[in-house]
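Geometric and topological summary
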Amino acid sequence: MKQQNYILIMCDDLGYGDVGFNGNEIIHTPYLDRLSKEGAVFEHFYSGAPVCSPTRGTCLTGRHHYRFTVTTANAGSLPKEEITIPQMLKQQGYTTGHFGKWHLGTLSKTISDGRRGGSKNATLYSPPWEHYIDECFSTEVAVPLYNPMENQHFTSKYWLSEENYETKNLEGDDSKVIMDRAIPFIEKNVANNNPFLAIIWFHAPHEPVIASPEHRSLYSDYPEVMQHYFGCITAMDEQVGRLNSKIKALGIEENTCIWFCSDNGPEGEGISKNGRGAGSTKGLRGRKRSLFNGGINVPACIKWPAYVEPGSTYSFLASTLDFLPTFFAHNEIIMPDNRPIDGENLLEHFQGITSKRLKPIPLRFVGPSKSHMAGAPTFGLINDDYKILCNFNDDHPESMMFNTFTDRLEEFNIAETKRDVFEKYRDNLWEIAQSFEKSHNGADYNISDYKPKFDFISNNSIWNKIN
């Protein structure tokens with residue numbers, strides 16, 4: 001088979017119920033809906049974490065974020081020792097590009113940027129160009145979704161390379177600003193007959209939530225904060241449509257995979273003046289920062305003519321952990337060592353050969369408080385039968401287990417009625433959790449004097465208490 005092009009699109013804080021293909025009847029997402037009809041919708045697609053930075057790490061490595069200590073947003077940085085999708089695809093002749101939010105380390109050693117950039121945090125320097133990305137248009141953190149260089153919460157630039165950032169043509173809708181760089185990258189590689197990996201990580205609809213007057217006018221019957229939130233999603237949707245049309249016009253539709261998802265569930269609860277809380281989980285319990293489904297069961301679809309039958313709906317379990325093993329399997333790439341990979345190859349799932357997941361999806365997140373986590377415990381595991389949530393100390397005494405497919409709203413805790421099953425899965429989860437610490441301390445890197453930048457226990461470890 002001819003080498004496939006890969007486009008990984010991810011939104012920031014987009015809720016499961018914020019798109020038309022999952023039933024939203026207010027927010028206009030016609031181009032995402034078309035993309036999903038030309039491919040398939042995932043019903044049970046899980047982000048690697050309920051916040052952004054950790055999920056981004058799982059996308060690139062196929063490994064749980066606690067293995068490399070990007071445990072929450074603005075914490076840690078992606079170690080250079082991690083093997084990534086761009087790294088291995090480059091060995092297959094691919095050109096790689098990243099466009100949008102990076103959030104896996106600082107992008108400058110000298111210039112203050114984002115929350116953490118500059119000389120004071122040079123140890124966190126981990127830009128995309130040090131992870132086998134050939135072309136960049138990357139920010140460390142979120143930016144305003146309209147005129148992104150204005151009214152920033154944190155000074156954040158679009159970096160092109162070390163100490164070199166963009167200063168021109170940065171006005172208007174941020175999703176368009178990003179796509180204005182991604183499309184020329186694709187065009188150039190098609191012209192040069194190069195297979196490519198394009199990672200397009202939109203900022204929308206993360207705060208600061210600002211939509212253009214044009215997009216706000218589509219929702220004039222709604223309060224102003226909703227106009228902004230809904231409008232910026234529609235603006236992003238238009239750019240997905242623009243990309244899909246370009247792929248068709250370039251004649252590469254049949255050998256291009258476009259995979260879309262969100263990095264976690266929607267922000268907040270209760271709509272505030274900055275747009276927080278306007279997103280929809282479609283009734284799923286919890287939101288961003290929670291291991292309940294509202295924080296991790298995210299909207300996702302895929303268009304991949306080589307494998308995916310148009311109009312399909314996938315009910316099998318899938319995760320951002322699965323990008324790497326799926327693309328590696330397609331390219332017959334063998335991992336150069338035996339480090340644990342937490343994701344699973346989905347090629348046979350796409351082809352209908354199997355629907356059973358062989359590897360459970362591990363979960364781990366510690367938020368700033370129990371209320372931020374919607375009362376969820378900090379560890380979890382999902383397989384084809386059950387989802388369990390628990391702590392390995394007495395900080396959250398309630399153990400939880402839900403039927404994976406029949407109780408997506410997580411209304412019926414069956415941990416006590418099926419205690420033997422729960423204990424079996426908790427033992428499995430404890431083994432996985434222990435392996436996280438081994439990975440963190442360098443067991444997977446074959447470097448005798450490896451020292452992690454952060455202590456595992458002090459960085460929200462298994463034994464930490466929650467306020």
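Each value, and the rule that gives it
- Residues numbered from 1 in each chain as written.
- Predicted model: local features only at pLDDT ≥ 70, side-chain atom pairs only at ≥ 80, totals over all residues.
- Heavy atoms only, no water.
- Helix = DSSP H or I, 4+ residues; strand = E, 2+ residues; numbered from the N terminus.
- Rg over C-alpha atoms; globule rule 2.2 N^0.38 Å.
- Buried < 20%, exposed > 50% of the residue type's maximum accessible area, 1.4 Å probe, protein only.
- Lys, Arg positive; Asp, Glu negative; His and termini not counted.
- Charge placed at Lys NZ, Arg CZ, Asp CG, Glu CD.
- Phe/Tyr/Trp six-rings, centres within 6.5 Å; stacked < 30°, edge-to-face > 60°.
- Lys NZ or Arg CZ within 6 Å of the ring centre and 35° of its normal.
- Pairing = 2+ DSSP bridges.
- Axes fitted to C-alpha atoms, helices over the stretch in contact; angles between N-to-C directions.
- Contact = heavy atoms within 4.5 Å.
- Parallel < 35°, antiparallel > 145°, perpendicular 65-115°, else oblique.
- Left-handed = near helix turned anticlockwise from the far one by under 90°.
- Nonpolar A, V, L, I, M, F, W, Y, C, P; charged D, E, K, R; others polar.
- Core = buried A, V, L, I, M, F, W, Y, C linked by side-chain atoms within 4.5 Å.
- Polar contact = N/O pair within 3.5 Å; in protein donor to acceptor, adjacent residues only side chain to side chain.
- Salt bridge = Lys/Arg side-chain N within 4 Å of Asp/Glu carboxyl O.
- pLDDT = per-residue confidence, 0-100.

We now examine the overall build of the protein. The secondary structure content of the protein amounts to ten helices and 14 strands. In summary, the protein has a C-alpha radius of gyration of 21 Å against a globular reference of 23 Å for 467 residues, a match within 12%. Referenced to the eigenvectors of the C-alpha coordinate spread, the extents of the protein come out at roughly 55 × 55 × 50 Å. With 467 residues in all, the protein has 62% of them scored as buried. Between the mean site of the 46 positive side-chain charges and the mean site of the 58 negative ones, the protein shows a separation of 3 Å.

So, about the packing of aromatic side chains. Evaluation of the coordinates by the stated rule reveals 32 aromatic pairs. Ring centres of F185 and F196 lie 6.2 Å apart, and the angle between their planes is 80°; this geometry places the pair in the edge-to-face category. Here F196 lies in strand β7 (residues 196–201) and F185 lies in helix α4 (residues 174–191), a separation of eleven residues in the sequence. On the accessibility criterion, F185 (1% relative accessible area) is buried. Ring plane angle 75° and centroid distance 6.1 Å describe the contact between W304 and F327, whose orientation is recorded as edge-to-face. Residue W304 is found in the loop between β9 (300–303) and β10 (312–319), and its partner F327 is found in helix α8 (residues 323–330); the two are separated by 23 residues along the sequence. Across the pair, F327 and W304 agree in class, each one buried. Here the aromatic residues Y6, F42, F45, Y94, W259, W304, Y307, Y314, F316, F323, F327 and F350 are joined through ring pairs into a cluster of three or more. Between K157 and the ring centre of Y165, over which it is positioned, the NZ or CZ distance is 5.3 Å. Stacked on the ring of Y16, the Lys or Arg R408 has its end atom at 4.8 Å from the ring centre.

This part covers the sheet that holds strand β11 (residues 361–364). Within the open sheet, the four strands sit side by side as β11-β12-β13-β14. Their pairing is antiparallel. The two strands at the open ends of the sheet, each matched to only one other strand, are β11 and β14 (400–403). Direction aside, neighbouring strands of the sheet carry axes that sit 15° apart on average. Running at roughly 65° to strand β13 (residues 386–390), helix α10 (residues 419–440) makes contact with β11, β12 (379–382), β13 and β14 of the sheet.

Let's shift gears to the packing of α4 against helix α6 (residues 224–249). Two numbers describe how α4 lies on α6: the axes approach to 10 Å, and their chain directions differ by 10°. In this view, α4 runs roughly parallel relative to α6, as classed from their interaxial angle. Crossing angle aside, the handedness with which α4 passes α6 is right-handed. Residues S175, K176, M179, D180, I183, I186 and E187 of α4 form the contact with α6, whose own contacting residues are A235, M236, Q239, R242, L243, K246 and I247. Of the residues belonging to the contact of α4 with α6, the class tally is seven nonpolar, two polar and five charged.

Quick look at the nonpolar core now. Of all hydrophobic cores here, the largest spans 49 residues; its most connected members are F42, W259, I302, W304 and F350. If one sorts the elements of this core by residue count, α8 sits on top with four residues. Setting aside chain neighbours within four positions, we find W304 in contact with Q4, Y6, T256, C257, T326, F327, H330, L347 and F350. If you look at the next biggest cluster of nonpolar residues, it comprises 44 residues, including F185, I186, F196 and Y229.

Time to look at the side chain of T320. Within the element layout of this structure, T320 appears in the loop between β10 and α8. We classify T320 as buried; its relative accessible area is 0%. A distance of 2.9 Å separates a polar side-chain atom of T320 from the backbone nitrogen of G48. Apart from the residues lying within four places of it in its own chain, the contact partners of T320 are F45, Y46, S47, G48, T55, T58, C59 and C261.

As for its position among the elements, F412 is in the loop between β14 and α10. When neighbours within four sequence positions are excluded, F412 is seen to be in contact with M401, F402 and D407.

This next bit is on the pattern of salt bridges. For the structure on display, the rule yields 26 salt bridges. We note a salt bridge from R56 to D12, for which the minimum N-O separation is 3.3 Å. Residue R56 is found in helix α2 (residues 52–61), and its partner D12 is found in the loop between β1 (5–11) and α1 (30–38); the two are separated by 44 residues along the sequence. Residue classification places R56 among the buried positions, given a relative accessible area of 0%. For D12, a relative accessible area of 0% translates into the label buried. Notably, a salt bridge pairs R67 with D342, separated by 2.8 Å at the nearest N-O pair. In this pair, R67 sits in the loop between α2 and α3 (85–90) while D342 sits in the loop between α8 and α9 (347–350), placing the two residues 275 residues apart along the sequence.

This prediction gives the protein a mean pLDDT of 93; 96% of its residues lie at or above 70. The low-confidence segment residues 458–467 (pLDDT under 50) makes 36 contacts with residues lying over four places distant or belonging to another chain.

In this section: unusual backbone geometry. Going from A204 to P205, the amide bond is cis rather than trans, its omega being -5°. Take P205: it is sitting in the loop between β7 and α5 (213–217). At the junction of E207 and P208, the peptide bond is cis and its omega measures out at 0° in the coordinates. Mapped onto the elements, P208 comes out in the loop between β7 and α5. Phi at N169 is positive, roughly 55°, even though this residue is not glycine.

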